Every structure is written in structure tokens, then in C-alpha cells.
Amino acid sequence: EPRVFSGIQPTGIPHLGNYLGALQSWVHLQEQYNTVLYSIADLHSITVPQDPSTLRASILDMAACLLACGINPAKSCIFQQSQVAEHAELAWILNCLTSMPRLRHLPQWKVKCQTQKNEGSAGLFTYPVLQAADILLYKSTHVPVGDDQVQHLELTQDTARLFNRIYGDFFPIPRGIMGTSKKIYSLRDPSSKMSKSDPQKLATVRLTDSPEEIVLKFRKAVTDFTSEVTYDPERRPGVSSLVAIHSAVTGLGTDIIVQQSRGMDTAQYKLTVADAVIQKLCPIREEMQRLQREQGYLREVLYQGAQRAKEMAAPVYDSVARLVGFR
Ligand code: TYM
């Protein structure tokens, strides 16, 4: 039986990269599969120094955001990771199967521990194992993620194979489902990915940005000195990244986008892209603002989601505990 699982960290309002790389396809998948789980990965959010009251608010904001994007709690199980204790329990078992050198080679560790004052916690180091536990705890078969998560998914597959080899065939090997777009890049630096933690305010478009903010961010987007609109990610990463965003929000191919933009200079084109993004985000922003006032409802959705997730997780963890020899 196919099961879809994915997660997102509750670190602030999601951005256009989260939406185009993952959330948009989450909405489609709930129509195609019967069992769909989306987790607000709060255990992942404490792998770097964090502030409790910010985290508390971000969890509810993320719930509002997922609903505003079109995730329907009647079809998808939306829940807070920490409320299902088996995530941490299975992660421990999988940690004991994972070698240190395997984790040392993952790019997120290399990048993130350099920016941490504590030189990176043990939790940050084993974070990809927790992610593997998230996925395997539901015997998930499909994992919709953006392409920055490919290596984490490979680790999950390797871990499932290793477990199966040691303890007997148990976990299905989960497959990735890539989002509507490839990686979405920072508007200030087309060589780095759009990220929630980017200190440059103009680099990241958030789902709750006002139309004015969106226009400003696209107007200031870094391009080059050629005024024509072309799609050539190697030689013209700036304008190509705009074409990629435009293509992902409209659903039109990059070749069609380029054709339609003939005769426009990049300054005019930036406003066209901003406009397409505004069209897409406006309804989400309005729904998000409405839902943020419905805290009781959001808590109820998360409570119900956690109950359903626990029901699915418990029998899987129970079998794992048996296989490992705890029972
Ligand atoms: P997170 O919270 O960083 O991102 C959530 C989703 O957004 C995608 N994404 C992007 N896609 C395209 N371009 C970008 N610039 C961009 N930035 C982010 C991510 O690929 C992701 O799909 N560790 C995960 C959360 C997680 C998870 C899981 C995911 C925890 N457990 C189990 C899948 C399965 C994370 O930090 O995603």
C-alpha cells in the first residue's frame, strides 16, 4: 500500500522555494494517494540554537500555512513530529546502524556546522538519521521533497536496506518525488538556494509577503548586464532563475516563457514575474491571515493529526522493537 510522507521545519514562514519545491506538490499528492502524512518537523528545528517562544509560534504558523496552501486535514494527516514519540525512538535504533563517516559527508552538516557557534551539536550531525526515521516509521513509499534533499533521501534508502539486511526484510525502499520546480535560488545571489535563514531581507520571498514587498524584491533581483530574457542557467544564472520561478508559478515551460517575453528588457520582465508570483501567493496570504486568528482550530487539527499518526506509527515501531530484540 503506497504511503506518502514529507516534512517541513517550523522555522518561520515558508518561502517560494519551499512552496515550489515541495508544498505545491504536497497538495496534488493528497488527491492521488489514500495515505498522506505531512509533519511539522519540530525535533529538527532544535538541532541549532533556538528560542522556545519563537518555536511555539512557528509551529502554529506552519500549520496555518499548510492549510492555506491547500493541504486538507480530511485527506492528509498534518501533525507535529515531537507529539509522536516513536520518531525519536526509531531514530535511536537507526543511529546505531549509521556510520559516522557516512554522515560526515552530507553537505548540510558541512555547511551548517560552520555557521554554528557551538560548532554543531550531535543532534545536527545525526539529523539525517532522524529524517530517515520520520519516513520509515510509516513504512512510507513516496517522499515529495525539493532537490536539496536528494542526499538525505539516499541515506534513508541505504538505512532501510541495511536494516532489512540485518533484521530481515521489513521496510519498503522509499522513492523521492521532486517538486514542480528544481531548486529555487536566492534573489540576491543566484548561486545559493533560497533559504529561510538568509540574513539578506531581499533574497527570500515569503508566502505572506505583501504585493509591494514582492515587487520590491523582484525589482532588486540580481541579474546581469544583458537586457534580453533568455534561459541559460550556466551563463546567465540570475535571469534564468527568474524564468524558472515564472515557469513554476505559471506551469508553462521555460521555452514558452522566453518566447512570450521577447522584446521585454529584464527590468520590465522582473515586474512580469513579480506579478505572476503575486497572483499565485495572494490567495494563500489572505487565507493564512484568516487562519492565524483561528488558533483553537489549528490546535485541534494538530491534535487530531497526532492521534492518527500515532495509530499508524505504533504497530510499525512495535514490529521494529521485536525485530531488534527488545520484545
Ligand atoms: P525544509 O524545512 O528545509 O524545507 C521544506 C521543503 O522545501 C524544500 N526546499 C526547497 N525546494 C526548492 N528550492 C529551495 N530553495 C528550497 N528550500 C527548501 C525542501 O527540499 C523540503 O522538501 N529536513 C527537512 C524536513 C524533514 C523532512 C522529513 C522532509 C524532516 N523530516 C522527512 C522529508 C521527509 C527540511 O529541513 O526541509
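See the structure shown above.
We now turn to the structure provided with this report. (Residues numbered from 1 in each chain as written. Predicted model: local features only at pLDDT ≥ 70, side-chain atom pairs only at ≥ 80, totals over all residues. Heavy atoms only, no water.)

### Describing the site of the ligand
Part 1: As a matter of local geometry, the ligand sits amid 26 residues, with Tyr127, Gln131, Asp134, Asp148 and Ile184 nearest to it.
Part 2: Between Lys196 and the ligand, the recorded distance is 3.0 Å, taken from a side-chain N or O atom to an oxygen atom.
Part 3: Here the ligand loses 96% of its free accessible area of 720 Å² to cover by the protein chains.
Part 4: For the shell around the ligand, the secondary structure elements donating two or more residues are strand 1 (3-8), helix 1 (16-32), helix 7 (122-136) and strand 4 (142-145).
Part 5: Partitioned by chemical class, the residues of the shell around the ligand number 10 nonpolar, 11 polar and 5 charged. (Near = heavy atom within 4 Å. Polar contact = N/O pair within 3.5 Å; in protein donor to acceptor, adjacent residues only side chain to side chain. Areas by Shrake-Rupley, 256 points an atom, 1.4 Å probe, with all protein chains shown as cover. Helix = DSSP H or I, 4+ residues; strand = E, 2+ residues; numbered from the N terminus. Nonpolar A, V, L, I, M, F, W, Y, C, P; charged D, E, K, R; others polar.)

### Digging into the pattern of salt bridges
Part 1: For the structure shown, the criterion picks out 10 salt bridges.
Part 2: Across the pair Asp209 and Lys217 runs a salt bridge whose closest N-O atoms are separated by 2.6 Å.
Part 3: Look at Asp209 and you get buried, because its relative accessible area is 7%.
Part 4: Looking at Lys217, the relative accessible area reads 8%, which means it is buried.
Part 5: The shortest N-O distance in the salt bridge between Asp318 and Arg327 comes to 2.3 Å.
Part 6: Residue classification places Asp318 among the partly exposed positions, given a relative accessible area of 27%.
Part 7: Here Arg327 falls in the exposed class, since its relative accessible area comes to 54%.
Part 8: Sharing partners across several salt bridges, the network here consists of Arg102, Asp158 and Arg161. (Salt bridge = Lys/Arg side-chain N within 4 Å of Asp/Glu carboxyl O. Buried < 20%, exposed > 50% of the residue type's maximum accessible area, 1.4 Å probe, protein only.)

### Re the packing of aromatic side chains
Part 1: This model, assessed by the stated rule, comprises 9 aromatic pairs.
Part 2: Here the aromatic rings of Phe5 and Tyr138 are separated by 5.4 Å at their centres, their planes lie at 15°, and the arrangement is stacked. Placement of the pair is Phe5 in strand 1 and Tyr138 in the loop between helix 7 and strand 4, with a sequence separation of 133 residues.
Part 3: The class for Phe5 is buried, based on a relative accessible area of 3%.
Part 4: In this structure Tyr138 comes out as buried when scored by relative accessible area, which is 0%.
Part 5: In this arrangement the basic side chain of Lys139 is found over the ring face of Phe170, its NZ or CZ atom lying 3.9 Å from the centre. (Phe/Tyr/Trp six-rings, centres within 6.5 Å; stacked < 30°, edge-to-face > 60°. Lys NZ or Arg CZ within 6 Å of the ring centre and 35° of its normal.)

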